[in-house]
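# Inside the fold
The primary structure of each chain is shown beneath.
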Amino acid sequence: MNARLQPCPPALQHAIAQLDRMLRTFGNRYPDDTSQRLHYQLRQQGEHAPGANVGWTSGFWPGMLWLGYELTGWKHFRDAASVQATDFAHRLEGGIDLDHHDLGFLYLLSNVAADRIARLPGARATALAAADRLLGRFLPGAGVIQAWGKLDNPKERGRVIVDCVMNLPLLHWASATSGDPAYKAAARSHLLRTCDYLVRPDGSTCHTYYFDADTGAPLREVTHQGLADSSCWSRGQAWALYGLVLNHHHLPGLGLLDTAMRVADYFLDHLPPDQIALWDLGLAHDSGEPRDSSANTIAACGLLELANQLPPGAQKQHYAAAGKRLVEALTRHCAGVWPDAGGLLTHGTYHRLANLGVEECTLWGDYYYLEALARLHYGWISYDR
Ligand code: GLY
């Protein structure tokens with residue numbers, strides 16, 4: 001076992017053991033977005049074979065395996081993650097399910113990681129090609145990256161989603177790797193518009209926002225997974241917090257850290273006493289509505305990274321303590337040991353109003369829980385640096 005895991009805190013030990021069980025169950029096939037009755041099934045989408053590499057969450061599977069390898073040094077984690085990185089190259093070549101902004105999640109955690117950790121041949125070229133595809137979604141007239149669908153899709157044209165800030169580090173990495181500033185310029189423009197229109201004056205965020213794709217005129221807030229257009233969907237708030245902090249590292253002159261602190265404060269101020277967010281921050285704590293533990297995993301990583309980027313002082317200590325508190329609450333209330341196909345963390349909610357993945361393990365929540373543990377345990381650093 002890698003020295004990084006010595007001595008290993010019990011929460012991390014359990015998470016690694018659960019990941020190992022998942023690998024034995026799924027191998028190089030992909031678990032679904034969420035579990036069903038706390039057991040992951042093979043991912044199933046349309047005409048694709050069961051367990052195929054489709055959807056926006058499949059990158060969290062190699063992401064967990066790379067993290068597992070970094071933590072333990074176990075070769076079988078590295079071997080499986082390497083095979084999956086190559087599989088992501090095939091997905092890109094085949095243009096399979098790539099008409100969305102989530103290319104950052106998919107390719108940072110598969111191929112940027114493979115290049116960084118294992119110098120896997122071809123991984124860098126694959127990740128650069130994915131960044132090209134993400135850059136291809138930039139609408140120059142609006143100065144934003146369109147979230148979903150083909151760029152001429154009338155329903156989706158000019159629509160952005162707050163989650164997208166998490167995908168922009170792929171563009172920063174591509175500029176740093178290729179020397180071409182175009183990727184970073186697109187990220188910069190998208191961030192400025194996100195801060196101006198998706199982050200509200202009270203520090204809450206809206207989920208998605210329509211701009212006029214040609215003129216950039218701001219049109220309207222619309223939720224997709226939240227309680228209402230004007231509410232604050234918990235996971236969107238967490239994506240905004242963490243994404244803004246990650247981008248601050250690459251664009252320190254934009255004031256992103258100050259915005260991230262307002263977003264963080266709103267998130268923390270709306271948590272119930274047990275510190276696990278309900279799925280929308282506008283819900284009454286005694287409403288009986290489900291939690292979304294995955295929002296906490298993302299927020300915890302964001303808070304820990306926020307503390308990393310702040311200068312020594314009271315603010316740094318405050319956000320570091322908040323990040324640690326969220327991780328401890330997750331371990332206490334949501335982590336467990338389940339047989340083979342169980343995940344790492346329950347009480348996640350994918351899309352409450354569509355009754356999709358409610359009170360289940362989520363592949364991204366499991367990933368960010370492991371990342372948060374790795375951050376606490378040895379100061380893990382993201383792959384875009
Ligand atoms: N990024 C999609 C979601 O969080 O559900």
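Please refer to the structure higher up on the page.
Read on for an overview of the structure. Since the model is a prediction, treat every value here as computed from it, not as a measurement.

### Topic: the pattern of salt bridges
If you walk through the whole model with that rule in mind, you get 19 salt bridges. When the shortest N-O distance is used, the salt bridge between Asp33 and Arg43 registers 3.5 Å. Here Arg43 lies in the loop between helix H1 (10-26) and helix H2 (60-72) and Asp33 lies in the loop between H1 and H2, a separation of 10 residues in the sequence. A residue is classified by how much of its surface remains accessible, and Arg43, at 2% relative accessible area, is buried. Of the charged contacts in the structure, one is a salt bridge between Asp292 and Arg235, with a shortest N-O distance of 2.7 Å. Of the two residues, Asp292 sits in the loop between helix H9 (256-269) and helix H10 (293-309) while Arg235 sits in helix H8 (residues 234-250), which places them 57 residues apart along the sequence. Here the two residues Asp292 and Arg235 agree in accessibility, since each one is buried. Put simply, Glu305, Glu371, Arg375 and Arg385 are held in one network by salt bridges that share partners.

### Some thoughts on empty space enclosed by the protein
Per the stated rule, a full pass over the model turns up one cavity of 30 Å³ or more. Together, 15 residues line the largest cavity, and Leu108, Leu109, Leu246, Tyr368 and Ser382 are the ones closest to its centre. Elements that contribute at least two residues to the lining of the largest cavity include exactly helix H4 (103-118), H8 and helix H12 (363-378). Top element by residues in the lining of the largest cavity is H4. It accounts for four residues.

### Remarks on the layout of surface pockets
Considering only enclosed or pocket space, the largest pocket measures out at about 410 Å³ in volume. For the largest pocket, the lining is made up of 22 residues, of which Trp56, Asp102, Trp148, His224 and Tyr350 are closest to its centre. Those elements that place two or more of their residues in the lining of the largest pocket are H8 and strand S6 (348-351). Each residue belonging to the lining of the largest pocket can be placed in one class, and the counts come to seven nonpolar, seven polar and eight charged.

### Topic: the site of the ligand
Every residue near the ligand is listed here: Trp56, Asp163, Gln225, Trp233, Arg235, Trp239 and Tyr350. Contact distances for the ligand include 2.7 Å between a nitrogen atom and a side-chain N or O atom of Asp163. Arg235 places a polar side-chain atom, nitrogen or oxygen, 2.6 Å from an oxygen atom of the ligand. Notes on the ligand: free accessible area 200 Å², of which the protein chains cover 94%.

### Section: helix H3 (residues 75-94)
For H3, with 20 residues, the first-to-last C-alpha span of 29 Å sits near the 28 Å given by 1.5 Å per residue. Regarding H3, the residues found buried are Phe77, Ala80, Ala81, Ser82, Gln84, Ala85, Phe88, Ala89, Arg91 and Leu92. Packed against the buried residues of H3 are H1, H2, H4 and helix H5 (123-135). Note on H3: the residue one or two positions beyond its end, Gly95, has a positive phi of about 60°.

### A word on H12
If you check H12, its first and last C-alpha atoms are 23 Å apart, about what 16 residues at 1.5 Å a residue would give, namely 22 Å. Most of H12 is tucked away: 13 of the 16 residues are buried. Where H12 ends, the next residue or the one after it, Gly379, has phi of about 70°, a positive value.

### Side note on the packing of aromatic side chains
Under the criterion given, the structure shown has 21 aromatic pairs. Where Phe60 meets Phe105, the ring centres are 5.3 Å apart and the plane angle is 50°; that geometry is what we call tilted. Of this pair, Phe60 sits in helix H2 while Phe105 sits in helix H4, placing them 45 residues apart in sequence. The pair Phe60 / Phe105 is uniform in exposure class, with both members buried. Consider the rings of Tyr242 and Tyr368, whose centres lie 6.1 Å apart with planes at 85°: the pair is edge-to-face. Remark: Tyr368 occurs in helix H12 and Tyr242 occurs in helix H8; sequence separation between them is 126 residues. For Arg220, the ring lying beneath its charged end belongs to Tyr210, and the centroid distance is 4.4 Å.

### Some points on the sheet that holds strand S3 (residues 159-161)
Read across the sheet, three strands follow the order S3-S4-S5 without closing on themselves; strand pairing throughout is antiparallel. With partners counted over all chains shown, the strands left at the sheet margins are S3 and strand S5 (218-222), one partner each. Each neighbouring strand pair of the sheet contributes to a mean axis angle of 25°, computed without reference to strand direction.

### Structural notes on the pairing of strand S4 (residues 208-211)
By the alternation rule, side chains of S4 split into Thr208 and Tyr210 and Tyr209 and Phe211, which are all buried. Where S3 lies against S4, three bridges are found, and the strand directions are antiparallel. Directly across from Ile161, in S4, lies its bridge partner Thr208. For S4 and S5, the ladder comprises four bridges, and the chain directions are antiparallel. When the bridges of S5 are listed, Phe211 appears paired with Pro218.

### Remarks on the packing of H3 against H5
Packed helices, taken two at a time, are described by the angle their axes make and the gap between the axes. Contact pair H3 / H5: the axes reach a minimum separation of 10 Å and the direction vectors enclose 40°. One way to sum up the angle between H3 and H5 is to call them oblique. You can see that H3 and H5 cross each other, and the crossing is left-handed. Note on element contacts: H5 touches H3 through Thr126, Ala129, Ala130 and Arg133, opposite Phe88, Ala89 and Leu92.

Rules used throughout
- Residues numbered from 1 in each chain as written.
- Predicted model: local features only at pLDDT ≥ 70, side-chain atom pairs only at ≥ 80, totals over all residues.
- Heavy atoms only, no water.
- Salt bridge = Lys/Arg side-chain N within 4 Å of Asp/Glu carboxyl O.
- Helix = DSSP H or I, 4+ residues; strand = E, 2+ residues; numbered from the N terminus.
- Buried < 20%, exposed > 50% of the residue type's maximum accessible area, 1.4 Å probe, protein only.
- 1 Å grid on protein atoms, 1.4 Å probe; cavity = no way out; pocket = protein on both sides within 12 Å on 5 of 7 lines; lining within 4 Å.
- Points joined across faces, edges and corners; volume = space filled by probe spheres on them.
- Nonpolar A, V, L, I, M, F, W, Y, C, P; charged D, E, K, R; others polar.
- Near = heavy atom within 4 Å.
- Polar contact = N/O pair within 3.5 Å; in protein donor to acceptor, adjacent residues only side chain to side chain.
- Areas by Shrake-Rupley, 256 points an atom, 1.4 Å probe, with all protein chains shown as cover.
- Expected span 1.5 Å × (residues − 1).
- Contact = heavy atoms within 4.5 Å.
- Phe/Tyr/Trp six-rings, centres within 6.5 Å; stacked < 30°, edge-to-face > 60°.
- Lys NZ or Arg CZ within 6 Å of the ring centre and 35° of its normal.
- Pairing = 2+ DSSP bridges.
- Axes fitted to C-alpha atoms, helices over the stretch in contact; angles between N-to-C directions.
- Parallel < 35°, antiparallel > 145°, perpendicular 65-115°, else oblique.
- Left-handed = near helix turned anticlockwise from the far one by under 90°.

Shape descriptors only; they carry no functional weight alone.
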